[in-house]
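Next come the chains, spelled out residue by residue.
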Amino acid sequence: MANRRITIPALRSPEDTDVTTWELPEGAIGRLGQGLPLNVEFSPDGFYFTVATKIGFWIYDTATMAPRALWGTERGMVNVATFSHDMRWIATGDQDSFVKVWDTQTGQCVTKIDWGSTRQGRNSVLHVHFSPDGQYLAASGFGRGAVYTWRTGNETPLASFTVEDPKLDDYRKRGVDYDSSFPIAFAPDGNLFAFVSAPDRVTISDINIGKDIAKLTGHTAPVHTLLFSPCGQYLAGASVGATVQVWDIQNKSLVMMPTTYRGNRVRLVYMPDGGLRVADVHRNKVVIWDASKGEKLDVFETQSSNDRPARFSSDGRQFAVCSKRGDVHVWKEEAPTTVASLSGFKSTAYAVSFLQGGRTLVSSHWGRSNKVFWDVASRETRQVLPPLTERTSLRRSIALSPCEELLAVDTSDRNIEVWHIASETLVAELTGHENETYQISLAFSPIGKYLVGGGANESYVWDVESWEKRHSLAEQTGIVVGLAFHPDGKLFVTSSRDGTARLWNVETGEQIAPLPLPDTLEDTTRYRGEPEEIERVSSGGNLQWKRHQHIESIVFSPCGTLIAGGLGTWIAGGLTNEIRLWDTETLETQMIILPSQGTIRPWALTFSPCGRYLVSGAWWCPGLDKAPIRIWEVATGEHIHTFWAHSTDVQDVAFSPDGTLLASGSFDGTVLLWDMKPFIGS
């Protein structure tokens, strides 16, 4: 590690520790979770590391393991954040095909390069690298890459390349993890540049003369890592399947024959003395090797599956790995028995719910992030259910019993688990689903007598006292994705991806009626939205999407007189994006709200506790920086306000019991808290 620490003036003060308030979107008062991590990179001196996430990128101090900055939140969706060798700049690549350069003196973006599109749409940037002298900036992604002389202000690539037959499926070897494809690397002198020109071939080009000088083959699987030696004479590569080999560039021959390690993937680093160090990454441990000598140096274990990005520091004495649960583990050679872990990062937040009068919020996260109970006032984690052990992964759904003592969750082994919250004990495991599909929607009845779960083609009603299955409801022919109880507990409604929504009697298990989904309304005064959109829909403009549309979420109003459903399609270009309201008694369509263009899949819905307002959260739409959350007045359908919220899809929204606080969970791995008093009163 370098002896002199380079300062980064734009970092926050070490005393500024409340990361829940950093860089919030307008209207938000707090953030729970630090985003879904996508990559980790050390600074050249090893004193800092970046964590690229879906909300932006964090800069951490490796000595204190404390965050010092969060940048790039205007859009987020950052795949990678890499320091220049002099640490004056940080380059980022994002999922919108942009390469950006940030000034570490000011924290501002100084260059934005449009990396371009493909026939499939915007191309995600997976790698960015500065040349050692800082003159060049290279980027690569699926099937292609480019090198820029970035400080000239000219976005035309100095060099560009494409990968022959870039099959992403080649990287999906069963039982194997990888965290990068189509890698790139600069040699220490900055003149030579290595890139993947075919899944099993590496090309080395001289940037100064624009000529390829070597094509290296021999890999039996796609290459996911490239690294020049400090002398520039050798190039190390790793391929899918944890195989490492080293070429002599001048002779175009192997100097280290292919060596296959036992883990699911490997990461490489050259030590200052020229020795090659390898991290052999297993599911729950990492083994550090001196590859040049064939010696095992250290082993450290992690709590969860290490199937996310991992990196060495440039001197090989630190190593960071991200897990599926969202944790980031950092190994340090000088203290190998101690591995620092960062637990603030989370996977997708699919569901949110308040309890204890709004003092606690529970969020449901994919995989082994599990179900997190947050203290709303302090915004700190209070509890995690189930306890953090190696176990079956949880999926998206949660349901809290009315007494707030039980939590029902769905699992990856197609069962429902019911946990007693206070004692953290498993009280029931509901099995035997006829169609053997995972549950995707769950709800307790208002008095806690029943638990309903919706799966593929059917729903189940369970008696909570005995945990016996009371009814199997199989009228729907698609996955049941939406489920809600009437406040009186006698009725519940389901929505399915077969395009239907149905009302049921919970005691008898009988279907009362399907909810009507008319193509158009004869009474056009029941439409709400922009006049042009009303004209398009009322004249049949959505009919071409009818067979694709379905209601993903469905809710009752607090008094039970209305049912609201969010209608949309999975087709990217589908224009069916509606919020429908039905009269519970007559099932007549009372209103169809047509959100403005740019809103797709308004599939997160909740009524305010007073019933006067309806809040909808939508998925992110190309062309927007953020996904919207909109507030509607129920009586008139009037649009009250829009929060430009998350960097990607809003999955769920929920009010606190007093209606003053709104929580939104997103695919970006965070939950945002919004002050609702200015819009709906205290």
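So, how was this worked out
- Residues numbered from 1 in each chain as written.
- Predicted model: local features only at pLDDT ≥ 70, side-chain atom pairs only at ≥ 80, totals over all residues.
- Heavy atoms only, no water.
- Helix = DSSP H or I, 4+ residues; strand = E, 2+ residues; numbered from the N terminus.
- Rg over C-alpha atoms; globule rule 2.2 N^0.38 Å.
- Buried < 20%, exposed > 50% of the residue type's maximum accessible area, 1.4 Å probe, protein only.
- Contact = heavy atoms within 4.5 Å.
- Areas by Shrake-Rupley, 256 points an atom, 1.4 Å probe, with all protein chains shown as cover.
- Lys, Arg positive; Asp, Glu negative; His and termini not counted.
- Charge placed at Lys NZ, Arg CZ, Asp CG, Glu CD.
- 1 Å grid on protein atoms, 1.4 Å probe; cavity = no way out; pocket = protein on both sides within 12 Å on 5 of 7 lines; lining within 4 Å.
- Points joined across faces, edges and corners; volume = space filled by probe spheres on them.
- Nonpolar A, V, L, I, M, F, W, Y, C, P; charged D, E, K, R; others polar.
- Pairing = 2+ DSSP bridges.
- Axes fitted to C-alpha atoms, helices over the stretch in contact; angles between N-to-C directions.
- Arc of directions from axis to C-beta.
- Core = buried A, V, L, I, M, F, W, Y, C linked by side-chain atoms within 4.5 Å.
- Polar contact = N/O pair within 3.5 Å; in protein donor to acceptor, adjacent residues only side chain to side chain.
- Salt bridge = Lys/Arg side-chain N within 4 Å of Asp/Glu carboxyl O.
- Phe/Tyr/Trp six-rings, centres within 6.5 Å; stacked < 30°, edge-to-face > 60°.
- Lys NZ or Arg CZ within 6 Å of the ring centre and 35° of its normal.

Describe the overall build of the protein, and please don't skip the residues or the numbers.
Scanning the protein for helices and strands turns up 2 helices and 59 strands. For 682 residues, the compact-globule formula gives about 26 Å, and the C-alpha radius of gyration of the protein, at 27 Å, lands near that figure. Its C-alpha atoms give the protein principal-axis dimensions of roughly 80 × 55 × 50 Å. The buried share among the 682 residues of the protein stands at 61%. Within the protein, contacts between residues separated by at least 24 positions form 44% of all contacts whose residues are at least 6 apart in sequence. Carbon together with sulfur atoms contributes 47% to the accessible area of the protein, which is approximately 26,400 Å² in total. If you average the places of the 63 positive and of the 79 negative side-chain charges in the protein, the two averages end up 4 Å apart.

How would you explain the layout of surface pockets if you had to name every residue and give the values?
The calculated volume of the second largest pocket comes to roughly 1,200 Å³. For the lining of the second largest pocket, the per-class residue count stands at 26 nonpolar, 12 polar and 5 charged.

Tell me about the sheet that holds strand β4 (residues 56-61), and please be specific about residues and values.
Read from one edge to the other, the open sheet built from 4 strands follows the order β2-β3-β4-β5, with strand pairing classed as antiparallel. Only two strands of the sheet have a single neighbouring strand rather than two, namely β2 (37-42) and β5 (66-71). Sheet twist, expressed as the average angle between the axes of neighbouring strands with direction ignored, equals 25 degrees.

Tell me about helix α1 (residues 531-538), and name the residues and values.
Among all positions of α1, only E533, I534 and V537 are buried. Along the axis of α1, the buried residues cluster in a sector spanning 100 degrees; they form a single face. Looking at α1, the residues exposed on the side facing more than 90 degrees away from the buried face are P531, E532 and E535. Packed against the buried residues of α1 are β48 (527-528) and β51 (578-583). The positive-phi residue at the C-terminal boundary of α1 is G540, with phi of around 95 degrees.

Explain the nonpolar core to me, and be specific about the residues and the numbers.
Among the nonpolar cores identified, the biggest contains 20 residues, and A194, V202, I204, L216, L226, F228 and L235 are the most heavily contacted of them. Counting residues in each nonpolar core, the second largest holds 18 residues, with W620, F643, V650 and V653 among its members.

Could you give an account of the sheet that holds strand β25 (residues 276-281), naming the residues involved and the relevant values?
Taken together, 4 strands build an open sheet; the order of strands is β24-β25-β26-β27 and the sheet is antiparallel. Unpaired on one side and paired on the other, β24 (265-270) and β27 (295-301) mark the two borders of the sheet. Direction aside, neighbouring strands of the sheet carry axes that sit 20 degrees apart on average. With 6 bridges joining them, strand β26 (residues 285-290) and β27 adopt antiparallel strand pairing. Within the sheet, the bridge partner assigned to K285 lies in β27 and is E301.

Describe the environment of V147, and please don't skip the residues or the numbers.
Position of V147 among the secondary structure elements: in strand β14 (residues 144-148). Of the residues examined, V147 reaches a relative accessible area of 1% and is grouped as buried. Spatially, the C-alpha atoms of V147 and K626 are 30 Å apart, while their sequence positions differ by 479 residues. In contact with V147, other than residues within four places in its own chain, are Y136, L137, A138, P157, L158, A159, F186, F193 and I207.

So what about the pairing of strand β18 (residues 201-206)? Which residues, and what values?
Counted residue by residue, β18 has 6 buried out of 6 residues, so it is predominantly covered. One ladder, built from 6 bridges, connects strand β17 (residues 192-198) with β18; its direction is antiparallel. Across the sheet, the residue bridging to A198 is R201, located in β18. The turn linking β17 back onto β18 is made up of 2 residues. Relative to strand β19 (residues 211-217), β18 runs antiparallel, the two sharing 6 bridges.

How would you summarise the pairing of strand β49 (residues 550-556) if you had to cite specific residues and measurements?
Among the 7 residues that make up β49, 7 are buried, leaving the element largely enclosed by the rest of the structure. Here 6 bridges tie β49 to strand β50 (residues 562-568), and the two strands are oriented antiparallel to one another. Paired with H550 across the strands is G568, a residue of β50. What sits between the antiparallel neighbours β49 and β50 is a turn of 5 residues, in which G560 has the positive phi angle 85 degrees.

Describe the environment of E475, naming the residues involved and giving the relevant values.
Checked against the element boundaries, E475 lands in the loop between β43 (468-473) and β44 (480-485). Considering only alpha carbons, one finds E475 and R502, 27 residues apart in sequence, at a separation of 9.1 Å. Beyond its immediate stretch of four places on either side in the chain, E475 contacts N457, R502, W504 and Q511.

Kindly report on the side chain of H550, identifying the contributing residues and their values.
Tracing the backbone shows H550 in strand β49. At a separation of 2.6 Å, a polar atom in the side chain of H550 contacts the side chain of E552. Apart from the residues lying within four places of it in its own chain, the contact partners of H550 are V481, S496, R497, G499, G566, L567, G568, W570 and W603.

I'd like to hear about unusual backbone geometry, residue by residue, with values.
The phi dihedral of K252 falls on the positive side, at around 55 degrees, and the residue is not glycine. Here K252 is to be found in the loop between β22 (243-248) and β23 (253-260). A relative accessible area of 45% places K252 in the partly exposed class. With a phi close to 65 degrees, E404 is a non-glycine residue in the positive phi region.

Lay out the pattern of salt bridges with the relevant residues and their values.
Enumeration according to the criterion identifies 22 salt bridges in this entry. In this structure, a network of salt bridges that share partners links the residues R5, D61 and R68.

Report on empty space enclosed by the protein, specifying residues and quantitative values.
Taken as a whole and judged by the stated rule, the model has 2 cavities of 30 Å³ or more. When its volume is computed, the largest cavity comes out at roughly 50 Å³. If you trace the largest cavity, you find it lined by D519, N542, L543, K546, Q549, L567, E578 and R580. Computed from the structure, the second largest cavity encloses a volume of approximately 40 Å³. Mapped onto the lining of the second largest cavity, the elements with two or more residues apiece are β54 (613-619) and β55 (627-633). At 4 residues, the largest contribution of residues to the lining of the second largest cavity is made by β55. The residue inventory of the lining of the second largest cavity, partitioned by class, reads 6 nonpolar, 3 polar and 1 charged.

Which residues make up the packing of aromatic side chains, and what values do they have?
According to the stated counting rule, one finds 27 aromatic pairs in the structure shown. A ring pair is formed by W570 and W619, whose centres lie 5.2 Å apart and whose planes are at 75 degrees; its orientation type is edge-to-face. Of this pair, W570 sits in the loop between β50 and β51 while W619 sits in strand β54; the two residues are 49 residues apart in sequence, bridging distant segments of the chain. The exposure class of W619 is buried, given its relative accessible area of 16%. Through a chain of ring-to-ring contacts, the aromatic side chains of W22, F42, F49, W58, Y60 and F345 assemble into a single cluster. Lying over the aromatic face of W89, R88 brings its terminal NZ or CZ to 4.7 Å of the ring centre. Between the NZ or CZ atom of R144 and the centre of the ring of W115, over which it lies, the distance is 4.2 Å.

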